Amino acid sequence: MSWVAHVSNKSGSMTQSEMEQNATEINNQLRGYGWTLNAICAVLGNMQQESYLNPAQWQIGYDIGSQSAGYGLVQFTPSTKYTNWANEQGYDITYGEYQVYAIDAQPWGTEYIPTSDFPLSYSEFKVSDKDLDYLTEAFLRNYERAGVSALESRQQYANNWYKFLSGEEPPTPDPPEPTPTKKSMPLYFYPCVRYC
């Protein structure tokens, strides 16, 4: 297998089979870096929303090559964040393998910033087996910080990628821990203040 890339600033720039081909490449590369399947699928769900898994996708509504547009699998914004680094290394900016390396290594500085609702560090995120919906939202909030969250779509895509890559349904998340209830004392324990 090999990467598929279409230089585009239009929606729907990849077919399902092309996305599947790139998802397989992304999975193989991130697995090699030690990522869990849950973390990989969380990222794939976000990538599908951002770029259709097209490493040559320019942000919709911007000209191809615009320095202020988002670019690539995760829509690096501005595009120069990725393209300048790739050009300095002598890499073809449309090649997905270099983008996946950059997503893992963050060679120009931290993209992933933990938030109070999703306090996982990036190293914890990469090896996490937490619930797929949780990890998908964690990547959205901590890495993508997208103006349009489309959270439900990202989570559905992530679940679909889990099924595609594993051949199984994603595990059902554990129910939340019950909140302990405070037991009240019987009324006869309370002191009589009035009318006793």
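Computed from a prediction, not measured in an experiment: that's the story for all the values here.

How each quantity is defined
Residues numbered from 1 in each chain as written. Predicted model: local features only at pLDDT ≥ 70, side-chain atom pairs only at ≥ 80, totals over all residues. Heavy atoms only, no water. Helix = DSSP H or I, 4+ residues; strand = E, 2+ residues; numbered from the N terminus. Buried < 20%, exposed > 50% of the residue type's maximum accessible area, 1.4 Å probe, protein only. Contact = heavy atoms within 4.5 Å. Areas by Shrake-Rupley, 256 points an atom, 1.4 Å probe, with all protein chains shown as cover. Expected span 1.5 Å × (residues − 1). 1 Å grid on protein atoms, 1.4 Å probe; cavity = no way out; pocket = protein on both sides within 12 Å on 5 of 7 lines; lining within 4 Å. Points joined across faces, edges and corners; volume = space filled by probe spheres on them. Nonpolar A, V, L, I, M, F, W, Y, C, P; charged D, E, K, R; others polar. Phe/Tyr/Trp six-rings, centres within 6.5 Å; stacked < 30°, edge-to-face > 60°. Axes fitted to C-alpha atoms, helices over the stretch in contact; angles between N-to-C directions. Parallel < 35°, antiparallel > 145°, perpendicular 65-115°, else oblique. Left-handed = near helix turned anticlockwise from the far one by under 90°.

Draft legend 1. Molecular detail of the overall build of the protein. The number of helices and strands found in the protein is seven helices and zero strands. The N-to-C order of helical and strand elements in the protein reads α-α-α-α-α-α-α. Across the 196 residues in the protein, those meeting the buried criterion constitute 44%. Counted over contacts in the protein with a minimum sequence separation of 6, partners at least 24 positions apart contribute 55%. Looking at the protein as shown, the accessible area adds up to about 10,800 Å², and 49% of this sits on carbon and sulfur atoms.

Draft legend 2. Region of the structure containing helix H2 (residues 37-51). Compared with the 21 Å implied by 1.5 Å per residue over 15 residues, the 20 Å span of H2 between its first and last C-alpha is a close match. Buried residues dominate H2, accounting for 14 of its 15 residues. A positive backbone phi angle near 65° is found at Tyr52, which sits one or two residues after H2.

Draft legend 3. Fine view of unusual backbone geometry. At the junction of Thr77 and Pro78, the peptide bond is cis and its omega measures out at -5° in the coordinates. Note that Pro78 resides in the loop between H2 and helix H3 (80-89). Phi is positive for Tyr52, which is not a glycine, with a value near 65°. Within the element layout of this structure, Tyr52 appears in the loop between H2 and H3.

Draft legend 4. Quick look at the layout of surface pockets. When its volume is computed, the largest pocket comes out at roughly 480 Å³. Around the largest pocket, the lining is made up of 20 residues, and of these Glu50, Gln59, Gln75, Thr77 and Ala146 lie nearest the centre. Among the secondary structure elements, those contributing two or more residues to the lining of the largest pocket are H2 and helix H6 (132-144). Looking at the lining of the largest pocket, its residues break down into eight nonpolar, six polar and six charged.

Draft legend 5. Main features of the packing of aromatic side chains. Evaluated as defined, the whole model comprises 22 aromatic pairs. On the numbers, 5.1 Å between centres and 10° between planes, the contact of Phe76 with Tyr82 is stacked. In this pair, the class of Phe76 matches that of Tyr82, namely buried. Arranged with centres 5.4 Å apart and planes meeting at 65°, the rings of Tyr95 and Tyr98 form a pair that is edge-to-face. Under the relative-accessibility criterion, Tyr98 is labelled partly exposed at 24%. An aromatic cluster of three or more residues is present, and its members are Trp3, Trp58, Tyr71, Phe76, Tyr82, Trp85, Tyr91, Tyr95, Tyr98, Tyr101 and Trp108.

Draft legend 6. How the structure looks around the packing of H2 against helix H7 (residues 151-166). Running from N to C, H2 and H7 cross one another at 125°; their axes reach a closest spacing of 7 Å. Our classification of the angle between H2 and H7 gives oblique. Seen along the crossing, H2 lies across H7 with a hand that is right-handed. The segment H2 lies against H7, with Leu37, Asn38, Cys41, Ala42, Leu44, Gly45, Asn46, Gln48, Gln49 and Glu50 engaging Ser153, Arg154, Tyr157, Ala158, Trp161, Tyr162, Leu165 and Ser166. Residue composition of the contact of H2 with H7, grouped by class: nine nonpolar, seven polar and two charged.

Purely geometric stuff here, so don't read any function into it on its own.
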